[in-house]
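Survey of secondary and tertiary structure
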Number of protein chains: 2
Amino acid sequence: METAMPETAEAPYEPTDRTIPTRSRERASYDRELVHSILDTAYVCHLGFVRDGAPVVLPTLYARVGERLYVHGSTGSRPLRMAGEADPGLPVCLTVTHVDGLVLARSAFHHSLNYRSVVVHGTARQVTDPSEKRTALDALVEHAVPGRSTDSRPANTKELAATAVLRLDLAEVSAKTRTGGPNDDPADLDLPYWAGVVPVTTTRGLPDPSPDLSPSTPLPAYL
Amino acid sequence: METAMPETAEAPYEPTDRTIPTRSRERASYDRELVHSILDTAYVCHLGFVRDGAPVVLPTLYARVGERLYVHGSTGSRPLRMAGEADPGLPVCLTVTHVDGLVLARSAFHHSLNYRSVVVHGTARQVTDPSEKRTALDALVEHAVPGRSTDSRPANTKELAATAVLRLDLAEVSAKTRTGGPNDDPADLDLPYWAGVVPVTTTRGLPDPSPDLSPSTPLPAYL
């Protein structure tokens, strides 16, 4: 895969570390397994597109099916309409980020984040084939809650028609990660400030049943 | 504030619900306190800009100071160079999203997310005033870890010079939230599928000291 976020050109976090030899900790990667693992453990991306020359970034649900990503939205929404089959497609940038830790260094300068991110550049196209659309919608549900797509009422024809789905191939992709502890200057090591990592995790809490749920409906095993 | 994400034009999640009367649950908001609260409880945004006509979305640390946001990056990074004082500034879209819950409906169609998001459109400009730059950098540290900016070594002149900071006014801003349970069609209420909300929370774990930290350095109270 090509790099979409060259290390020398852009830096989401702690860019100043690039000037010192810590490349092994913070780097761009083109490893397919890493890209898939980052994409498969999130379900909200930030989708960027250009509208009237200006950038727009919206949070959006997505799912991966093989080497394709699917995002969905209203048939009336701007990016969906712009990506209609009659058009050449919509140039997008789809970014997924996990925050894994706050990195506290002795110096303010070397504070950083541990994170994993994937950036996908490409042209999004509207999915019109009903079979592919259904596969994509199942994947969107399954991606967020594995096991759920076969344990809910599938979309009917009217619902399918009311939902638009965009497809984006995983062609121009890069992953970027930072792990490990702070990277203080040697001269700062004896300063009296705490240094280390505060882990950040995202967790799911106890499922809260809908008030109108029949008490005889059990909590599914996948929850 | 103006709306940057009109309800009828874009929908990050569950857009199909727009066709039925659930506006009270999912809506755009221009309330300043809500915008501030969403911005102040995150520290990573997704910053979009246009490069050679194509969208780019990068995860970036940010902080709010009054009605301004600051983001930082390498002085060599593309968005920072593009936003240099010699230019007219860089049109950006800065988006912050909290995921609060997975909403499971009886129908696949009505699955949704509870979330809070803020979208800021505007022109980012590079901060050149040393005093404002220092204020911004302190805010960036303090935003992620309150109490930390006064408990670490401040940036020196060389470090300040190596760090670029962008400023973005909170002028064209919208907030959007969804709360509450699933919104099933009445005909689906008796289906045998579990329905409700799975809360999603982001938490900080036990601080992990750097291996080279002196054992005599106590864990600060703010951690």
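The structure displayed is predicted, hence computed values, not measured ones.

Calculation notes
Residue numbers restart at each chain and count upward from 1, following the sequence in its written direction. The lettering of chains begins at A and the numbering of ligands begins at 1, in the order of writing. Side-chain atom pairs in this predicted model are given and counted only at pLDDT of 80 or more, local residue features only at pLDDT of at least 70, and totals for whole chains, interfaces and linings cover all residues. As a rule here, side-chain values come from all non-hydrogen atoms in the structure, and water together with hydrogens is ignored. For the exposure calls, accessible area comes from a 1.4 Å probe over protein chains only, and a residue counts as buried if that area is under 20% of its type's maximum, exposed if over 50%, partly exposed in between. A run of H or I in DSSP counts as a helix once it spans at least four residues, and a run of E counts as a strand once it spans at least two, with each numbered from the N terminus. When DSSP finds at least two bridges between two strands, those strands are taken to pair. Here a residue-residue contact requires only that any non-hydrogen atoms of the pair lie within 4.5 Å. Fitting of the copies onto one another was done by least squares over C-alpha atoms, counting residues only where both copies have pLDDT of at least 70. In this description, one arc is meant: the one made by directions from the helix axis to the C-beta atoms. Polar contacts, as counted here, are pairs of nitrogen or oxygen atoms within 3.5 Å of one another; within protein the pair requires one atom able to donate a hydrogen and one able to accept it, and residues that are adjacent in sequence qualify only if both atoms are side-chain atoms.

1. Points about the pairing of strand S5 (residues 90-104) of chain B
The two faces of a sheet get side chains in turn, since along a regular strand they alternate between them. Residue and element names in this part refer to chain B. Across the 15 residues of S5, 12 count as buried, placing the element largely inside the fold. By the bridge criterion, four bridges tie strand S2 (residues 44-51) to S5 in an arrangement that is antiparallel. Residue pairing for S5: Phe49 is matched across the bridge by Val92. Of the pairings in the sheet, the one linking S5 to strand S6 (residues 112-126) comprises 13 bridges and is antiparallel in character. Paired with Val103 across the bridge in S6 is Ser112. Two strands pair when backbone bridges link them, and S5 and strand S9 (residues 196-204) are joined in this way by four bridges, in the antiparallel orientation. Across the sheet, residue Gly101 finds its bridge partner in S9, namely Pro199.

2. With respect to the environment of Leu102 of chain A
With respect to the helices and strands, Leu102 of chain A occurs in strand S5 (residues 90-104). Take Leu102 of chain A: its relative accessible area is 2%, and that puts it in the buried class. Setting aside anything within four residues of it in sequence, one finds Leu102 of chain A in contact with Ser112, Leu113, Gly196, Val197, Val198 and Val200 of chain A together with Tyr43, Ala144, Val145 and Arg204 of chain B.

3. Re the relation of the copies chain A and chain B
Turning chain A through 180° and shifting it by 0.0 Å along the axis lays it on chain B, with an RMSD of 0.0 Å. Those values place the two copies in the arrangement expected of a two-fold rotation axis. No C-alpha of chain A lies nearer the rotation axis than that of Thr202 of chain A, which sits 2.1 Å from it.

4. Some remarks on helix H1 (residues 32-40) of chain A
Residue and element names in this part refer to chain A. Buried residues of H1: Val35, His36, Ile38 and Leu39, and no others. Projected down its long axis, H1 shows its buried positions confined to an angular sector of 165°, all on one face. Capping the start of H1 is the job of one residue whose side-chain oxygen sits 3.0 Å from the backbone nitrogen of Glu33: Asp31.

The quantities given are spatial measurements derived from coordinates; they are silent on function.
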